[in-house]
Amino acid sequence: QQVQQVQQVQQVQAASGVTRASHPDYFDGEIDLTQFEWFHGKISSADAYALLANEAKGAYLVRCSSRAGYYVVSWVSNNEAQVIHTLVTPKPVGGYDVEGDKNSYLTIPDIVESYGRHLTKLILRSGPLR
């Protein structure tokens, strides 16, 4: 079954033109982030804001930062539905630190799993990655 899933991901990549060479930020080590609908790729903070502006508190998404190799969790805060962009920084020894979070995480999916306990609505992408 795992081989079948890998083949499906490879077919999607081939169809979309996304490869490790063309989009290195779409890969977290060996994890292809394009397989996750919560990953929005290289959208701007303004685009993230537009997706989140009318959402209730707790809505969030994950995207690439404008800084290569970095990611951002964009989310709607409890404070007057303000959209916050939290930087996810790669650690030199592997894994990630999240701005304002004392915990470190091994992978981007680990961050999504952890934040999913506090933030309530994961915004899924509706179109192809950029």
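### Some details on the pairing of strand β5 (residues 83–90)
- In this sheet, β5 lies alongside strand β4 (residues 71–76) in antiparallel orientation, the contact comprising six bridges. Along β5, the bridge assignment pairs V76 with V83.
- In this structure, β5 lies alongside strand β6 (residues 96–98), joined through three bridges in antiparallel fashion. Residue pairing in the sheet places T89 in a bridge with D97 of β6.
- The antiparallel pairing of β5 with β6 creates a hairpin that spans five residues between the two strands, and G94 there sits at a positive phi of about 105°.

### Side note on the environment of R63
- Along the chain, the position of R63 falls in strand β3 (residues 59–64).
- A sequence separation of 37 residues divides R63 from Y26, and the C-alpha atoms of the two residues are 9.3 Å apart.
- Other than its neighbours up to four places away in sequence, R63 contacts F39, H40, G41, I43, S44, S45, A48, Y71, V72, S74 and H85.

### Brief notes about the sheet that holds β4
- Pairing is mixed in the open sheet, where six strands are placed in the order β7-β6-β5-β4-β3-β8. The sheet terminates laterally at β7 (104–105) and β8 (121–122), the two strands that pair on one side only.
- In terms of strand pairing, β3 meets β8 through two bridges, oriented parallel. Its bridge partner being in β8, Y60 is matched across the sheet by L122.

### What about the pattern of salt bridges?
- In this structure the tally under the stated criterion is one salt bridge.
- With a shortest N-O distance of 2.7 Å, E55 and K121 are connected by a salt bridge. Taken together, the positions of E55 in the loop between α2 (45–52) and β3 and K121 in strand β8 put the pair 66 residues apart, joining distant regions of the chain.

Thresholds applied
- Residues numbered from 1 in each chain as written.
- Predicted model: local features only at pLDDT ≥ 70, side-chain atom pairs only at ≥ 80, totals over all residues.
- Heavy atoms only, no water.
- Pairing = 2+ DSSP bridges.
- Helix = DSSP H or I, 4+ residues; strand = E, 2+ residues; numbered from the N terminus.
- Contact = heavy atoms within 4.5 Å.
- Salt bridge = Lys/Arg side-chain N within 4 Å of Asp/Glu carboxyl O.

Read these as layout, nothing more, since geometry by itself doesn't imply function.
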